[in-house]
Amino acid sequence: MRAYVTDLEQLLEVSALLSSMLDLETLLTKILETAGRLMSAEASNFMLLSEDKTHLLFEVMLGSAGKIIQQQGKMKVGTGIAGWVAKNGKALLIEDAYEDPRFLRDFDIKTGFRTKTVLCIPLTVKGETIGVAQIINKKDGSVFKPDDLEFFSKFCAIASVAIDNALLHKKVLAQDRLQRDMVLAEEIQKTFLPVKTPYAENIRVEFRSLACRQVGGDVVEFAELSDGKIATFIGDVSGKGIPAALFGAKFSTEFQYELKTGSEGGELLTRLNQLIAKRSTRGMFVTAVYAVFDPRNGKTEVVNAGHLYPLVVGPRVGQFRIVKSKGFPPLGIVDDQVYTSSGLTLAPGERMILMTDGVTDVKNEQGRSLGEDKIHEVLSSCPGNAIARLMLEVRRFTQESVRSDDVTLIGIGFGPYTEHTFSSNTSAIGPLRHWIEERARAMKFSEKQIGRIALSVTEAVANIIKHTYKMEGDQKIQVGIGINGSELQIHLRDWGAKQDPSLFVSRPLDEIRPGGLGIHYMKETMDVLEFDDSHTHGNEVYLQISSEMRTD
Amino acid sequence: MEIQHKLIQTKAVGGTLVLHPIGDIDMHESPKLRAVVLAEMKKKPQAVIVDLSRVGFIDSSGIATLVETLKEAKKIGAGLSLCGMSAKILDVFELARLDKVFKIARSLEELTGE
């Protein structure tokens, strides 16, 4: 008769210990050590079923022959004592192994160990066998008895739960690792997106991207060409996830390389098509638009390789046209496809919009798409701030629902435009203000309007310095001034901490106290005042005022 | 007694403190103006006049400085008047409906009778 009270205490102790252990190997070793000690066994081992349930994998083997047995690695389910237990899900108590036809002598022959008496118990979780536990030979030479079997069964029941727990933990760890890899891949992918947009006098280039949950395959490239023109490329690699991202990354490198050979659109895409058609990785292809803009006259060359039609918005509110240039198949499908450019001319105040289908396909919680009409409406509602408006609309529309594809938007505005970067030191506010005053004066704004423009710009810049940069004077503020007919468009860009748009509200005026007036001044004096936090880094404020509309 | 800073001249005429800020008053300049004005207010003048005729620009931080000066003046029972504003400067007060809060005169002469 076993000393049950002591055994029970031991069981409780083990149970507490096991439930706190998550590392599978440490856990299994601990279980076997305890079992071996409690039952005075010579050897003990744990085998877990392989995923396809055809084999028992030797996880932990204790005892003099343990190491040698473990080197065998695994055994077939159905063979040997352990194999029988795994197959039938029933425990076995064997007094003399050599008398049992199920016993395999191979192990003893290989190890020199002499198996006498064996207890073998299936490990079950939720009615399913996950492996077997085995103890072999009693140290005192006696044989195992039914109460040994009962005790070991209880012991293994506790162990099974702990093993299941540890297996689950192992799975979660692997998932975690995969997730970390995905995040890392996303970070790497971001480094392939342009950090800076190119600039040429009279050309304003804007770029926004919203990554989806998975890494995606949107490709964006810009280049300032030697003849003063600006080249832009937007591409969407078929498929999603790591394969599309890797394909896109390789494509970016190839694009930059081929661009050095020649920037003419037709020839460039013909060469790139040959490159990836030859490779034809699992039938992957790229839809793309490549466009080159001349800042001197708005002349634009476009090649469309199976991509969404570019859109041109402005110069006036509500105006837009769709650029249905000659269409070609996506890159990477037809080996010997020859691509050619089509020409068009942007009028001053017009803005070409390039996007990926992540924008058109974006779905809200009810599964509805944003739709082309809505996109056209939003983009043309304020041509000077079209990109930011659409980006904010996409975010508002999707709210918390998960985007399934990357959202990429590019805007290229033509017309009088100058960009200048100032420091975030308060001493830069004066020169910045005078620069804008001069521009406004040249546009024949009234002196009162010029005063109001100076006031609003000063307030906006003061906000950036105070709230975004927390008075740090060594940061950058980029100011872009565009002219669209009688309209002055001012873009103030910072790279500081993201600001909460809801803070962008003015305070009630009946409160006489210092501070908080800035927003009120901007709202009161500008025709359009918009705060835009859709950049990957930093914020943008857009101010617009017409010399015609307001004469008060 | 007459003090001249780069940014501000102050002048005591009898018990009246006359402040003449100079140049643009924005976030860069207003802290300096504020320091001088608050120091002068400690001398407890009977009345305060701020002559804005040499101010070309003022923003909300400049306005905030003047609102604070007004509050300080009220504490010590002194009257505060503003004068010499250009149309542009007056517009900034009007946009914030502060033209009703401050006593605003056309010129310094109108206030001092000189």
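The rules behind each value
- Residues numbered from 1 in each chain as written.
- Chains lettered and ligands numbered in written order.
- Predicted model: local features only at pLDDT ≥ 70, side-chain atom pairs only at ≥ 80, totals over all residues.
- Helix = DSSP H or I, 4+ residues; strand = E, 2+ residues; numbered from the N terminus.
- Rg over C-alpha atoms; globule rule 2.2 N^0.38 Å.
- Buried ≥ 20, exposed ≤ 12 C-beta atoms within 10 Å, placed from the backbone.
- Contact = placed C-beta atoms within 7 Å.
- Nonpolar A, V, L, I, M, F, W, Y, C, P; charged D, E, K, R; others polar.
- Core = buried A, V, L, I, M, F, W, Y, C linked by C-beta atoms within 7 Å.
- Domains from an automatic or database assignment.
- Pairing = 2+ DSSP bridges.
- Axes fitted to C-alpha atoms, helices over the stretch in contact; angles between N-to-C directions.
- Arc of directions from axis to C-beta.
- Parallel < 35°, antiparallel > 145°, perpendicular 65-115°, else oblique.
- Left-handed = near helix turned anticlockwise from the far one by under 90°.

Caption draft 1: Region of the structure containing the overall build of chain A. Per the secondary structure count, chain A includes 14 helices and 22 strands. Rg of the C-alpha trace for chain A: 36 Å, well past the compact-globule value of 24 Å for 552 residues, more than 25% over. In terms of overall dimensions, chain A has C-alpha extents of about 110 × 70 × 40 Å along its principal axes. Considering chain A as a whole, with its 552 residues, one finds that 40% of them fall into the buried category. Sequence-distant contacts, at least 24 apart, represent 67% of the contacts inside chain A between residues at least 6 apart.

Caption draft 2: Molecular detail of the overall build of chain B. A tally of regular secondary structure across chain B gives 4 helices and 8 strands. When the elements of chain B are put in sequence order from the N terminus, they spell out β-β-β-β-α-β-β-α-β-α-β-α. Relative to the compact-globule value of 13 Å for 114 residues, chain B shows a C-alpha radius of gyration of 13 Å, a close match. Considering only C-alpha atoms, chain B reaches an extent of 35 × 30 × 25 Å along its principal axes. The burial tally for chain B puts 41% of its 114 residues in the buried class.

Caption draft 3: Quick look at the interface of chain A and chain B. Listed by partner, the interface residues are 25 residues for chain A and 20 residues for chain B. Mapped onto the side of chain A that touches chain B, the elements with two or more residues apiece are α12 (429-442), α13 (447-468) and α14 (518-525) of chain A. Among the elements that line the side of chain A that touches chain B, the one with the most residues is α13 of chain A, at 10 residues. Split by residue class, the side of chain A that touches chain B holds 10 nonpolar, 9 polar and 6 charged.

Caption draft 4: Expanded view of the nonpolar core. Residues and elements named next belong to chain A. Ranked by size, the top nonpolar core spans 120 residues in total, and within it I453, V461 and L543 carry the most contacts. Among the elements that take part in this core, α13 stands out by supplying 10 residues, more than any other. Each of two domains, domain 2 (194-414) and domain 3 (417-546), supplies a minimum of three residues to this core. Setting aside residues up to four positions removed in sequence, L543 forms contacts with S456, V457, A460, I490, M522, M526 and L529.

Caption draft 5: Geometry of the sheet that holds strand β4 (residues 92-94) of chain A. Residues and elements named next belong to chain A. The sheet built from 6 strands is open, its strands ordered β3-β2-β1-β6-β5-β4 with antiparallel pairing. Strand pairing shows two members of the sheet lacking a second neighbour, β3 (74-76) and β4, which therefore form its edges. Recorded for the sheet is a direction-independent mean angle of 25° between the axes of neighbouring strands. Here strand β5 (residues 118-125) pairs with strand β6 (residues 128-138) via 8 bridges, running antiparallel. Bridging from a neighbouring strand, L119 pairs with I135 of β6. Against the sheet, helix α6 (residues 146-191) makes contact with β4, β5 and β6, and its axis sits at roughly 35° relative to β5, the strand it touches most.

Caption draft 6: Quick look at the sheet that holds strand β21 (residues 528-532) of chain A. All names here are of chain A. If you walk across this open sheet you meet the 5 strands as β18-β19-β20-β22-β21, and the pairing is antiparallel. The open sheet is flanked by β18 (417-423) and β21, the only strands paired with a single partner. Strand-to-strand twist of the sheet, defined as the mean angle between neighbouring strand axes without regard to direction, takes the value 15°. Examined bridge by bridge, strand β20 (residues 487-494) and strand β22 (residues 539-546) share 8 bridges and lie antiparallel to one another. When the bridges of β22 are listed, L492 appears paired with V541.

Caption draft 7: Seen up close, the environment of K466 of chain A. All names here are of chain A. Take K466: it is sitting in helix α13. Of the residues examined, K466 has 16 C-beta atoms within 10 Å and is grouped as partly exposed. When the C-alpha atoms of K466 and H169 are compared, they prove to be 48 Å apart, with 297 residues separating the residues in sequence.

Caption draft 8: Region of interest: the environment of K44 of chain B. Residues and elements named next belong to chain B. Within the secondary structure, K44 is located in the loop between α1 (30-41) and β5 (47-51). K44 sits in the partly exposed class, given 14 other C-beta atoms within 10 Å. In the structure, K44 is positioned 26 residues away from V18 in sequence and 13 Å away in space, judged by C-alpha atoms.

Caption draft 9: Structural view of helix α10 (residues 372-380) of chain A. Among all positions of α10 of chain A, only I375, L379 and S380 of chain A are buried. Mapping the buried residues of α10 of chain A onto a view down its axis gives an arc of 115°, with all of them on the same face.

Caption draft 10: Local environment of unusual backbone geometry. Residues and elements named next belong to chain A. In this chain, G314 is followed by P315 through a cis amide linkage whose omega measures 0°. Even without being a glycine, N202 presents a positive backbone phi close to 80°. Relative to the helices and strands, N202 is located in the loop between α6 and β7 (203-210). Residue class for N202 comes out buried when judged on the 20 C-beta atoms lying within 10 Å of it. Not every positive phi belongs to a glycine, and M471 is a case in point at roughly 70°. Since 12 C-beta atoms lie within 10 Å of it, M471 is described here as exposed.

Caption draft 11: Molecular detail of the packing of α10 of chain A against helix α11 (residues 386-398) of chain A. Residue and element names in this part refer to chain A. Here α10 crosses α11 at 135°, and the two axes come no closer than 8 Å. As summarised for this structure, α10 and α11 are arranged oblique, according to the angle between their axes. α10 and α11 meet at a crossing whose hand is right-handed. For the pair formed by α10 and α11, the contact residues are I375, V378 and L379 on the first element and A386, R389, L390 and E393 on the second. Grouping the amino acids of the contact of α10 with α11 by side-chain chemistry returns 5 nonpolar, no polar and 2 charged.

That is the geometry; function is a separate question.
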